[in-house]
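Take a look at the letters that make up each chain.
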Amino acid sequence: MKTILISLAFSFVGGWLAQSAPVSITLPVEVAALRNAPGAELAAMHCMTCHSAEYINSQPSLTRTAWKASVEKMRGKFAAPIPEDQVEKLADYLAAIYGMPEPVK
Ligand code: HEC
């Protein structure tokens, strides 16, 4: 009961603070761009809703398999609204520009 009262008090104060002090943020200006190649616009559309171009540019090189898994992870785990039929195209672009060869088996 005590816990419920305390958490109710906290959520009341929290709600009051949230109402009385609107938070305003200024996002940093995007200075980087995705490297240009076929598919760059697609990646800008589907990746830069959440990431900066700098974030993508600073990723280590990955194989196509790993890039495809990364795109799948963004869709599955992080609910990125990437249509399924765009996954291969995105993997092609990412592997071409930010890629490395698949290991020889
Ligand atoms: C809905 C938001 C969202 C979208 C859209 C999105 N991501 Fe992510 N991504 C995340 C989150 C959340 C993380 C995990 C936290 C972090 O490292 O920033 C992440 C992490 C990553 C990582 C770090 C490694 C990892 O797996 O955690 C890479 C690389 C990445 N994203 C690439 C991409 C690419 C490429 C696209 C476009 C195909 C994309 N993301 C689209 C949300 C998103």
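Let us look at the structure shown here.

1. Observations regarding the site of the ligand
Of all residues adjacent to the ligand, which total 17 residues, the nearest are Cys47, Cys50, His51, Lys73 and Met74. Within the side chain of His51, one N or O atom sits 2.7 Å away from a nitrogen atom of the ligand. One of the side-chain N or O atoms of Tyr55 is found 2.9 Å from an oxygen atom in the ligand. A molecule is said to occupy a pocket when more than half its atoms come within 2 Å of that pocket's grid points, and by this definition the ligand occupies the largest pocket. Broken down by secondary-structure element, the contributors of at least two residues to the shell around the ligand are helix H2 (40–47), helix H3 (53–57) and helix H4 (64–76). When residues of the shell around the ligand are assigned to their parent elements, the largest contribution, 5 residues, is made by H4.

2. Considering H2
Listed as buried for H2 are Ala40, Leu42, Ala43, His46 and Cys47. Around the axis of H2, the buried residues are gathered within 155 degrees of arc, so they sit on the same side. Structural note: H2 exposes Glu41 and Met45 on the side pointing more than 90 degrees away from its buried face. On its buried face, H2 sits against H3 and helix H5 (87–98).

Scoring rules and cut-offs
- Every chain is numbered independently, its residues counted from 1 as its sequence is written.
- Residue-level local features of this predicted model are given only where pLDDT is at least 70; pairs of side-chain atoms are given and counted only at 80 or more, and the full residue set underlies all totals for whole chains, interfaces and linings.
- As a rule here, side-chain values cover all heavy atoms of the structure and leave hydrogens and water aside.
- Proximity is defined per residue: if any heavy atom of the residue lies within 4 Å of a molecule or strand, that residue is considered near it.
- Definition of a polar contact: a pair of N or O atoms within 3.5 Å, with one able to donate and the other able to accept a hydrogen when the atoms are protein atoms, and with sequence-neighbouring residues admitted only if both atoms are side-chain atoms.
- Put simply, the grid is 1 Å and covers the protein atoms alone, a cavity is a trapped set of points that fit a 1.4 Å probe, a pocket is an open set with protein on both sides within 12 Å along at least five of seven lines, and lining residues have an atom within 4 Å of a point.
- Each molecule is assigned to a cavity or pocket provided more than half of its atoms lie within 2 Å of the corresponding grid points.
- Helix and strand definitions follow DSSP, with helices as H or I runs of at least four residues and strands as E runs of at least two, each counted in order from the N terminus.
- Here the term buried applies to any residue with accessible area under 20% of the maximum for its type, exposed to any over 50%, and partly exposed to those in between, with areas from a 1.4 Å probe on protein chains only.
- Starting at the helix axis, one direction is taken to each C-beta atom, and the arc is that of these directions.
- When checking whether two residues touch, look at their non-hydrogen atoms; a contact exists if any pair is within 4.5 Å.

The values are spatial; any link to function lies outside them.
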